[in-house]
Every structure is written in structure tokens, then in C-alpha cells.
Amino acid sequence: MNNSEMQYRQDKHGNRLSILGFGCMRFLKKGNNIDLEEAEREIMEAYNAGVNYFDTAYVYSGSEAAIGEIFEKNGIRDKINIATKLPQYLVSNNAALDRYFNEELSRLRTDHIDYYLMHHLTDIAMWEKLKNVGVLDWIKEKKASGQIRNIGFSYHGTTDGFLKILNDYDWDICQIQYNYFDVNTQAGVDGLKAAAAKGIPVVIMEPLRGGKLVNMLPESAKKIMKESERDWSPAEWGLRWLYDQPEVTVVLSGMNSVEMVRENCRTASTAPAGHFTESDHKTLSEVTKKIRELEKVGCTGCRYCMPCPKGVDIPGAFRCYNAMYIESKSDGRFQYAQTVGLTREPGFPDQCIKCGKCEQHCPQNIPIREKLKEADKALRPLPYKIGINIARKFMFRKSSSSKS
Ligand code: SF4
Ligand code: SF4
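Here goes a summary of the coordinates provided.

Criteria and thresholds
- Along each chain, the written sequence defines residue order, and numbers are assigned to residues from 1.
- Written order decides the labels, with chains lettered from A and ligands numbered from 1.
- Note on the predicted model: pLDDT of at least 70 is required for a residue's local features to be given, and 80 or more for side-chain atom pairs to be given and counted; whole-chain, interface and lining totals, by contrast, use all residues.
- Values reported for side chains reflect all heavy atoms of the structure, with hydrogen atoms and water molecules removed beforehand.
- By convention in this text, a residue qualifies as near a molecule or strand provided that one of its non-hydrogen atoms is within 4 Å of it.
- Under the scheme applied, nonpolar residues are Ala, Val, Leu, Ile, Met, Phe, Trp, Tyr, Cys and Pro; charged residues are Asp, Glu, Lys and Arg; polar residues are all the others, including Gly.
- The criterion for strand pairing is that DSSP finds at least two bridges linking the strands in question.
- Counting from the N terminus, the helices are DSSP H or I runs at least four residues long and the strands are E runs at least two residues long.
- Each axis is a line fitted through C-alpha atoms, and for a helix only the stretch in contact is used; angles between axes span 0 to 180 degrees, taken between their N-to-C directions.
- A contact between two residues is defined here by any heavy atoms of the two lying within 4.5 Å.
- What is meant by a nonpolar core is a set of buried Ala, Val, Leu, Ile, Met, Phe, Trp, Tyr and Cys residues, joined one to another through side-chain atoms within 4.5 Å.
- Between buried and exposed lies partly exposed: a residue is buried under 20% and exposed over 50% of the maximum accessible area for its type, with that area taken using a 1.4 Å probe on protein chains only.
- By arc we mean the arc of the directions from the helix axis to the C-beta atoms, nothing more.

## A few points about the site of ligand 1
Next up, step 1: Taken together, Cys308, Pro309, Ile314, Cys352, Ile353, Lys354, Cys355, Gly356, Cys358, Arg369 and Leu372 make up the full set of residues near ligand 1.
Next up, step 2: Classifying every residue of the shell around ligand 1 by side-chain character gives eight nonpolar, one polar and two charged.

## A word on the sheet that holds strand β7 (residues 81–86)
Sheet strands pair via backbone hydrogen bonds, and the direction of the pair is either parallel or antiparallel.
Next up, step 1: Pairing in this closed barrel of eight strands is parallel, and the strands run β3-β6-β7-β8-β9-β10-β11-β12 around the ring. For this sheet, the mean angle separating the axes of adjacent strands, direction not counted, is 30 degrees.
Next up, step 2: Running at roughly 120 degrees to strand β8 (residues 113–121), helix α4 (residues 124–132) makes contact with β7 and β8 of the sheet.

## Re the nonpolar core
Next up, step 1: Membership of the largest hydrophobic core comes to 115 residues, with the highest contact counts inside it found for Phe22, Met118, Phe153, Tyr180 and Ile314.
Next up, step 2: Among the elements that take part in this core, helix α13 (residues 314–326) stands out by supplying seven residues, more than any other.
Next up, step 3: Apart from the residues within four sequence positions on either side, Tyr180 is in contact with Leu213, Leu217, Met225, Gly238, Trp241, Leu284, Val287, Thr288 and Ile291.
Next up, step 4: Membership of the second largest hydrophobic core comes to ten residues, among which are Leu17, Ile173, Val250 and Leu252.

## Regarding helix α9 (residues 219–226)
Next up, step 1: Along α9, the residues that are buried comprise Ala221, Ile224 and Met225. Down the axis of α9, the buried side of the element spans an arc of 100 degrees, and every buried residue falls inside it. Seen from the open side of α9, the exposed residues pointing more than 90 degrees away from its buried face are Glu219 and Lys226.
Next up, step 2: Structurally, α9 contributes buried residues whose contacts are with α10 (234–243) and α12 (278–292).

This is the structure we're talking about:
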């Protein structure tokens, strides 16, 4: 076993976590099921290279059962950390907390979870809903019994919403989406720094924007990387940018081949915090500029226009509108539904009363009112409007505070 070079950072309680975490959302399939042999090869390759953080969730189809079987078969359960998540959007009463948790323990073939996260919070209202069904006492009991070692949340809303949740509870860990292109969106760099200032470890998801900072980079951006002093692949640039920041604790990567595991482990072994040079930062800022040339609205996500008195999520709407052109129409629309529409107080542009306050603060001089209208029309055609309304009714239905 060669794990002497993997880099580790500490969690809140001094445990060492590998800076590369294994994202177990999408393993390769054999027919309709996970290809267990291939998944085992990848997991054991990562384990032997020093990876000790494995991230899954109740809703990642077949994932908990697959990794539970692999850990048990190879006798490594007690040598690694399992992070999994409560499907909080399915929880409407106290009994559901134990029901989902026990099912997860059984799938994972373990008697405890090292890092248990409230999955996919998009605003404080979701956390309040959990508190109303008694989650605080439930966590206390699970921690006291040792069934949960650390408690956290994964997040997909605005920076303000993230900070509210962060400051509402004594969390052990949090998980956010963050990459060199999305510095100011969702929790963003402000969220990262706020968590780190409180000593809360931050796990990064979507470090390469779901692979798009590799597969969908414009040729002009790839050329800038190639002509730099570094012999790094686009994936390596993205991961190294994150490892460079001491506030980042673990970077999750969904690895679908042994070669990818090897490459990512190699990168994680040679990327200490602070290793980026000025010239490296310049390279990525030029790459970012090239990607931005594909955008519809030149919004940098600086948030100087916020807060909007009517709750419109201005940078959120523009980010999703741009994603329709940088990524794909459906990606942009999905992100819009997820981050702007499926929060308790949605931030849709049709809430705008055209007061013009935002435009006075925009350093990019964006005609925000006009562009918001255009963005909403493209992002929310009628079938999406109907779909979002149905999902909202389901997600924000009244929860029962009954403990039975
Ligand atoms: S113009 Fe619209 S989006 Fe801008 S601050 Fe006023 S209500 Fe909000
Ligand atoms: S101020 Fe302008 S650039 Fe900054 S987030 Fe608002 S719209 Fe975007």
C-alpha cells in the first residue's frame, strides 16, 4: 500500500481526511445495476492511494448498497469515512428520520455513519422544517449513541441562505458546489470563507462543474492552458485551484475508471495549499474570460445588486441563463428550477416591480430589468412552470410535528 503522499486536512475534531474524496453518485453500470467488480477496483485503487472519504446519499441509486458490500468484503469499513445523507425532502414527520437512517445503515452494512448530512438544503426554511419534526433531539440522541459521528448539510441555494443555515447550528461539516468558474454563485467563496472561519470543514462537490470544465471548454480556453508553463490537464487545473485554498477540506470527484483514480490521486499528492503561482491564477482568469464570452449576460455574480426588495435572485437567474449557452438549455433550466424555484421563497424575475434599485449598483451596467424578463422567458417555458409548481407543492407541503 502506498499512501505516503496523499495530502490530508483535518476536520473539526482533528480527524485526518484525504483532500481527494470519492464521489459515489455515478458508478458504471452493467445492465441495470452497478458494475460491482469495476466499482471495487476503483474504490480499492483509491483506498490504497490513501483516499479515506467516500460520499454517497440515500437517493444515489444502488450506491449505498454497493459501497457497503465492497467495504465489508475488503475489511476496510473501519479504516475509511462514510459520508451519506438524509433525504430531508422526503421527511415529513419524526418517524421518517429513523426510518431512512436505519435503512441507510443496513444498506451500508455498518452500525455508524461518520459524516451524516442533511441532503440538498436550498434555504433556511428546509432546515426549519426539519427542526419542526424534532431533528435536533434526534441528532443529539444519534450522536450520544455513536451512530452518527459528525453532522452536516449539503447546500444548493444562495450565499445568504447558506450563511443563515451555517450560523443556525453547531455543524461539524458542510458540502458546497464550488469551482473556478462559479466563485460567486451558490455558497460561493464568501460561504467557503465563513465556514472555514468557524472551523467547519468544507467538502466541495462539482469541482469541475459536472465535468463541463473538461468536456465543454472552448478551444480558445484549452489553448491558454496548453500554452501556459504548466503541463496540467483541464481536470488537474480545476482540482488544483481548489486544493490551493486552505479553506477547502475535501474535494469530491466521481471517478469512473482506475486511470482516473490514479490521475486524481497523483494530483492530490502534489497539490498543497498555496502552491498556485501568480501566473497560474492569471491563466485561469484568462480561461474564465474565454468561457464568459459564450455567455448571454455579462454578470460576474458579484451580488452588488442584492438584496432585491422583492426577493428576485438576480445573479442566480443570470447564471442559469448563461448556463443554457455555456452548457445546454436543459442544464440551465434544471439549475434554475433547483436553485431559484425550489426554495420556500422563490426568486423568480416575475416578482420584479421594476424599481430600478439593482441597476444603480451593477458595475457591469447590465439593464437588469430587461435582461431578467428575457432570462425568465427562456428559462421557464410553460411545461417547466407547471413542473416547478407541482414540485413546490410536494416539497413545501405542511409537515407533521408528531413524533410518532
Ligand atoms: S428592479 Fe426588480 S429586480 Fe431590480 S431591485 Fe427592483 S424589484 Fe428587484
Ligand atoms: S451587480 Fe450586476 S454583475 Fe453583479 S451580480 Fe448583480 S447583475 Fe450581476
